[in-house]
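Fold and contact review
The residues making up each chain are set out below.
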Amino acid sequence: MRDGLVTAISLGCAVLALLGVIAMIFRRPLGVGHLAATALVELAVLVQVVLAVIGLAGGAEVDGVALFVAYLAFALVVLPAGALWAVGEKNRWSGGVLAVAALALVVTLVRMDSVWLASGG
Amino acid sequence: MDDLQASAPPASGAHGVGRVLVAVYAVFAVAAVARAAVQISSRFAEAPVAYALSAFAAAVYVVATVALARPGRGAHRLATAACSIELAGVLVVGTVSLVLPAAFPDATVWSVYGRGYLFIPLVLPVLGLLWLRRSAPADDHSSAAGVTPPGQPSG
């Protein structure tokens, strides 16, 4: 796991969650800006997932490969799925849905980081 | 089936804050299924009771997620049942895991009232049941709400 990238994604998620909650509090639907920010974070997630897969192939050690792969898959889909569910009904609660997805991604990243033992040679 | 009321506010299904609830439930469903699958496939013999319980909890979350997301009276009943089972499960398993820790050598979602998951498993079924009571379809649980929603379709 690239610590810098994980930190960046986590911060991005925090911003997404904050924007979502603000939209919810002020009863605003999500705008293009929200979705662009979500796409940006998702791009970083994609890079992290590719790096992690390359690391695994290169002999990196994880505490449970199946679990780690499950985390990778979840991390990859949670934001797009959350964004789709959020804009499925455009009202103040869309922001809440986006915040839930972003926070779920943060938790997943923390769990991924905790089972990532060491990068391979 | 789905074209019940065009103008009136939707009686049930995932609308409004219910969609946030469904999102949280979906996250827990995926997490619980993944956890149970990993536990059972890799080391079921170590703690069969705990892991069977994990699988049961996962199934309850999946059913609750789908039932909460879908409209209709049947889905509403199913969601109520799932949330009730979930609440009973987290209370019973939470209590047993405190009184008889030996019964659960490994943690489940519901151990110690869901402490490993920020106690969300304890709060979630309560929120789910509150939401279900509020979003009850008309002429179902009418005695509980006692309010007839305005703007019924004239047909």
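The numbers attached to residues start from 1 for each chain and follow its sequence in the written order. Going through the entries in the order they are written, you letter the chains from A and number the ligands from 1. For this predicted model, a pLDDT threshold of at least 70 governs which residues receive local features, and a threshold of 80 or more governs which side-chain atom pairs are given and counted, while totals over whole chains, interfaces and linings are taken from all residues. By convention in this description, side-chain values take in all heavy atoms of the structure and omit both hydrogens and water.

1. Things to note about the overall build of chain A
- Numbering of helices and strands starts at the N terminus; helices are DSSP runs of H or I of at least 4 residues and strands are runs of E of at least 2. A count of helical and extended segments in chain A gives 4 helices and 2 strands.
- In this description the radius of gyration comes from C-alpha coordinates, and the expected globular size is given by 2.2 Å times residues to the power 0.38. For 121 residues, the compact-globule estimate of 2.2 N^0.38 gives 14 Å, and chain A sits close to it at 15 Å.
- C-alpha atoms of chain A, sized along the principal axes, occupy 50 × 25 × 20 Å.
- Considering chain A as a whole, with its 121 residues, one finds that 40% of them fall into the buried category.
- Here, residues are in contact when the closest pair of their heavy atoms is within 4.5 Å. Taking the contacts inside chain A whose residues are at least 6 apart along the sequence as the reference set, 82% of them involve residues at least 24 apart.
- In chain A, 6 side chains carry a positive charge and 6 a negative one; their mean positions are 20 Å apart. Only protein chains enter the accessibility calculation, which uses a 1.4 Å probe. A residue is then buried if its area is under 20% of the maximum for its type, exposed if over 50%, and partly exposed in between. When charges are counted, Lys and Arg contribute as positive and Asp and Glu as negative, whereas His and the chain ends are disregarded. All charge positions are set by atom: Lys at NZ, Arg at CZ, Asp at CG, Glu at CD.

2. What to know about the environment of B:Arg77
All names here are of chain B.
- For Arg77, the position within the fold is in helix H3 (residues 73–99).
- Its relative accessible area of 51% is what places Arg77 among the exposed residues.
- Spatially, the C-alpha atoms of Arg77 and Gly116 are 29 Å apart, while their sequence positions differ by 39 residues.

3. Observations concerning the nonpolar core
- Within the largest apolar cluster, 65 residues are counted, with the highest numbers of intra-cluster contacts made by A:Val41, A:Phe68, A:Leu105, B:Tyr25, B:Tyr61 and B:Leu68.
- Of all the secondary structure elements, the ones that give two or more residues to this core are helix H1 (3–25), helix H2 (32–57), helix H3 (65–88) and helix H4 (93–115) of chain A together with helix H1 (17–43), helix H2 (48–69), H3 and helix H4 (120–134) of chain B.
- The residues touching B:Tyr61, leaving out its near neighbours within four places in the chain, are B:Tyr25, B:Phe28, B:Ala29, B:Ala32, B:Glu86, B:Val109, B:Trp110, B:Pro121 and B:Leu124. Working definition of a nonpolar core: buried Ala, Val, Leu, Ile, Met, Phe, Trp, Tyr and Cys residues. They are joined through side-chain atoms within 4.5 Å.

4. Digging into the side chain of B:Thr108
- Mapping B:Thr108 onto the fold places it in the loop between H3 and H4.
- Those residues within four positions of B:Thr108 in sequence are excluded, and the remaining contacts are B:Arg35, B:Ala50, B:Leu53, B:Ser54 and B:Val93.

5. Let's talk about the packing of H4(A) against H1(B)
- Convention adopted: a line fitted to C-alpha atoms gives each axis, helices being fitted over their contacting stretch, and angles between N-to-C directions are expressed from 0 to 180 degrees. It is at 8 Å that the axes of H4(A) and H1(B) come closest, and there the two elements cross at 15 degrees. If you check the angle between H4(A) and H1(B), you find them roughly parallel. Handedness of the crossing formed by H4(A) with H1(B): right-handed. Here H4(A) contributes A:Trp93, A:Gly96, A:Val97, A:Val100 and A:Ala104 to the contact with H1(B), which in turn contributes B:Val17, B:Arg19, B:Val20, B:Ala23, B:Val24 and B:Val27.
- For the contact of H4(A) with H1(B), the residue count by class is 9 nonpolar, 1 polar and 1 charged. Each angle is binned into one of four classes, with values under 35 degrees roughly parallel, values over 145 roughly antiparallel, values of 65 to 115 roughly perpendicular, and all other values oblique. Handedness of a helix crossing follows the sense of rotation of the near helix relative to the far helix, less than a right angle counterclockwise being left-handed and clockwise being right-handed. Gly is placed with the polar residues, together with every amino acid not listed as nonpolar (Ala, Val, Leu, Ile, Met, Phe, Trp, Tyr, Cys and Pro) or charged (Asp, Glu, Lys and Arg).

6. Overview of the side chain of A:Glu42
- Topologically, A:Glu42 is positioned in helix H2.
- We define a salt bridge as a contact between a side-chain nitrogen of Lys or Arg and a carboxyl oxygen of Asp or Glu at a distance within 4 Å. Buried charge without a salt bridge: A:Glu42, with B:Arg19 as the nearest opposite-charge side chain at an N-O distance of 18 Å.
- The contact partners of A:Glu42, leaving out residues within four places of it in the chain, are A:Ala75, A:Leu76, A:Leu79 and A:Pro80.

7. Remarks on the confidence of the model for chain A
- pLDDT expresses how confident the predictor is about each individual residue, on a scale running from 0 to 100. Residue-level pLDDT values for chain A average 91, and 95% of them are 70 or greater.
- The weakest mean pLDDT in chain A belongs to strand E2 (residues 116–118) of chain A at 77; the strongest belongs to H2(A) at 95.

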